[in-house]
Structures are given as structure tokens and as C-alpha cells.
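Geometric and topological summary
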Amino acid sequence: MNPTITAFKSSPDRGRGLARDMRVRWALEEVGQPYEVRLVSFRAMKEPAHLALHPFGQIPTYEEGDLALFETGSIVFHIAKRHAGLLPDDANARARAITWMFAALNTVEPPILELGTAMLLEGDKPWHAERLPLVQDRVRGRLNQLSVRLGDADWLDGAFSAGDLLMVSVLLRLKSSGILDEYPNLTAYFTRSEARPAFRRAFDAQLAVFTGKPPLAAVSKFERQTAKITSKV
Ligand SMILES: N[C@@H](CCC(=O)N[C@@H](CS)C(=O)NCC(=O)O)C(=O)O
């Protein structure tokens, strides 16, 4: 049976990849695992049925048989352990890829989220103009370090891994800020990731929830095969 994830019925970003089901969709697409999506409203997210799956009343969740998970880091890790393609076989390389997963979520994402809060929710505060550059510089500090480490490599540590998947998912939030453009190698890293077919399928699938029109690229491999068969009947 395919796993089921939850996603926003009505995403505040209009399906542009910021809602975190994007990471989970991307991971599932990378490993070729078809999945189902259950859309939830903001109200339903705070009701007991959803709270039983996610104690903080958020999306995404992940259900597979009698296993229910929340937290994208944990979900992506679970997918990466279950399937080939997102974690290297070599034990040390695997441990390093997992380290990058934690680095993305624990070290790089927090200042980026803080910037999002400053830009979206604090614009009317009297101290906003003074605080914003401080927050932006905290983001630049992390990006500088990440940029130095990445250098001219394609991926953070050898082949593309779940570490890259989460790092790029975190950087996605900076797309509209212009800050990422200050780091040509990070911009290239991001563009390289966006060009991955699995990323495109995940992105299109999330956007399709908003537009109501699922493009062919949006559906997973299994569904594409099914669609082909169905269209022939
Ligand atoms: N640390 C969690 C964060 C989950 C999260 O913030 N989800 C957002 C959507 S991207 C959400 O559900 N927001 C609505 C809310 O908190 O009420 C994860 O990585 O899964």
C-alpha cells in the first residue's frame, strides 16, 4: 500500500513549494515511491483526528501501514532508509549525509525562518527597519559558510543525498528574498536541484493542489503509467 502524506488544502504560498510537504513529495519522487495525499484545512489540522497524527497540529504527516510520522526530517530519513537513492551505502558517507540533514534543519533553517518572520509578520512594527538587517546578516553568515564548504562541488558530499534534499528545501525559502543571488555557487546548487525531474514532479504536484489542474509531470511514475493505460482504454 502506498504511503499517505498530508498537505495544505489551501496553501498560504499558493503552492509555490514552501509548504513542507514539498520535501516529502520530493524524497518520495527521488526514490520512485508512489504516494497518496490527504489535503487538510487549517481547522482540521487542529482537530483531534489530525492531532493524533501530529501533536503540533501541522503538516506534513506520513502514514504507512500502522506507522505514523511527523517532522519532515524524520519522514525524509525514514524514506531514505527504506529506499535506495538518498543515502550512500558506505557507512561513513552515510553518516556524513545524515549530518547534512541535521545541519540543514538545525543550523541553516532557523535564521532563514527568522528572516521569513521578520519580512512577513513584523513589517508594521516600529523596530522592523532596525531589526531586518540584523536578521539578514545572520542568514548571510550561514550562507557564507555553506558557500565556502560547497565550493565548486555539485553536491555537499559526493553524490546527491537526503542532505542536499533538505538543504535545498531550506534554501527554497530564500528564493524571493534575493539573498541567495549573492552566492553564485549556492544559486547554481539550487538551480541544479530544481532541474532534477523528481523536484519538478514534486513541485508541480504541490502547485496542482492550488491550481486544481494536475499536469502530467505532477503525478508520480506509477500514476503516469496508470494514466497511460487508462487513456488507452
Ligand atoms: N518542524 C516541522 C515544521 C512543520 C510546519 O511548520 N508545518 C507548517 C507548514 S510548512 C504548518 O503546518 N503550519 C501551520 C501551523 O503551524 O498551524 C517539520 O519540519 O515538519
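Residues numbered from 1 in each chain as written. Predicted model: local features only at pLDDT ≥ 70, side-chain atom pairs only at ≥ 80, totals over all residues.

Looking at the overall build of the chain
This is how it is decided: The helix count covers DSSP runs of H or I at least four residues long, the strand count covers runs of E at least two residues long, and both are numbered beginning at the N terminus. To get the radius of gyration, use the C-alpha atoms; to get the globule rule, take the number of residues to the power 0.38 and multiply by 2.2 Å. Burial in this document is a count-based property: other C-beta atoms within 10 Å of a residue's C-beta are tallied, and the residue is buried at 20 or more, exposed at 12 or fewer, or partly exposed in between, with C-beta positions derived from the backbone. Each residue gets a C-beta atom placed from its backbone, and two residues are in contact if those atoms lie within 7 Å.
Counting its secondary structure elements, the chain contains 10 helices and four strands. The linear arrangement of helices and strands in the chain, starting from the amino end, is β-α-β-α-α-β-β-α-α-α-α-α-α-α. Its C-alpha atoms give the chain a radius of gyration of 18 Å, within 12% of the compact-globule value 17 Å for 233 residues. The principal-axis extent of the C-alpha atoms belonging to the chain is close to 60 × 45 × 35 Å. Within the chain, the fraction of its 233 residues that count as buried is 35%. Restricting the contact set of the chain to residue pairs at least 6 apart, pairs at least 24 apart contribute 70%.

A short note on the environment of V37
Here V37 lies in strand 2 (residues 36-40). When the 17 C-beta atoms within 10 Å are taken as the criterion, V37 is described as partly exposed. For the pair V37 and I5, spaced 32 residues apart in sequence, the C-alpha to C-alpha distance is 5.0 Å. Dropping the residues within four chain positions of it, V37 is found in contact with I5 and A7.

Concerning the domain arrangement of the chain
Applied cut-off: Domain ranges listed in this record stem from an automatic or a database domain assignment.
If you check the domain split of the chain, you get domain 1 (4-85 + 198-232) and domain 2 (91-194). Tallying the contact residues gives 12 residues for domain 1 and 10 residues for domain 2. Counting residues per element, the ones that place at least two in the side of domain 1 that touches domain 2 are helix 1 (21-31) and helix 4 (72-82). Considering each element in turn, the side of domain 1 that touches domain 2 owes the most residues, five residues, to helix 1.

Side note on the packing of helix 1 against helix 7 (residues 162-171)
Going by this rule: Here an angle of 0 to 180 degrees is reported between the N-to-C directions of two axes, which are lines fitted to C-alpha atoms, with helices fitted over the stretch in contact. Each angle is binned into one of four classes, with values under 35 degrees roughly parallel, values over 145 roughly antiparallel, values of 65 to 115 roughly perpendicular, and all other values oblique. Two helices that cross are described as forming a left-handed crossing if the nearer one is turned anticlockwise from the farther one by less than a right angle, and a right-handed crossing if clockwise. Gly is placed with the polar residues, together with every amino acid not listed as nonpolar (Ala, Val, Leu, Ile, Met, Phe, Trp, Tyr, Cys and Pro) or charged (Asp, Glu, Lys and Arg).
Where helix 1 contacts helix 7, the two axes come as close as 10 Å, and the packing angle between them is 150°. Overall, the two elements helix 1 and helix 7 adopt an arrangement that is roughly antiparallel. Where helix 1 crosses over helix 7, the two elements pack in a sense that is right-handed. Contacts between helix 1 and helix 7 involve M22, R23, W26, A27 and E30 from the first element and A162, L165, L166 and S169 from the second. Residues of the contact of helix 1 with helix 7, tallied by class, amount to six nonpolar, one polar and two charged.

With respect to the nonpolar core
Short version of the rule: We define the nonpolar core as any set of buried residues of the types Ala, Val, Leu, Ile, Met, Phe, Trp, Tyr and Cys, connected via C-beta atoms lying within 7 Å of each other.
The biggest cluster of nonpolar side chains holds 54 residues, and the ones touching the most others in it are A27, V76, M101, A104, A162, L166 and M167. Of all the elements in the fold, those that place two or more residues in this core are strand 1 (4-8), helix 1, helix 4, helix 5 (91-121), helix 6 (128-150), helix 7, helix 8 (184-194) and helix 9 (197-211). The biggest single contributor to this core is helix 5, with nine residues. Taken domain by domain, this core gets at least three of its residues from each of domain 1 (4-85 + 198-232) and domain 2 (91-194).

Brief notes about the pairing of strand 4 (residues 67-70)
The two faces of the sheet receive side chains in turn, since in a regular strand these alternate between them. The condition that has to hold: Strands pair, by our definition, only if DSSP identifies at least two bridges between them.
Across four bridges, the pairing between strand 3 (residues 61-64) and strand 4 is antiparallel. Bridged to E64 within strand 4 is L67. From the end of strand 3 to the start of strand 4, which pair antiparallel, there are two residues, and G65 there has a positive phi angle of about 60°.

Considering the sheet that holds strand 4
Across the sheet, four strands lie side by side as 2-1-3-4; this open sheet has mixed pairing. Since the sheet does not close on itself, it has two edges, and those belong to strand 2 and strand 4, each with one partner. Ignoring strand direction, the axes of neighbouring strands in this sheet form an average angle of 25°.

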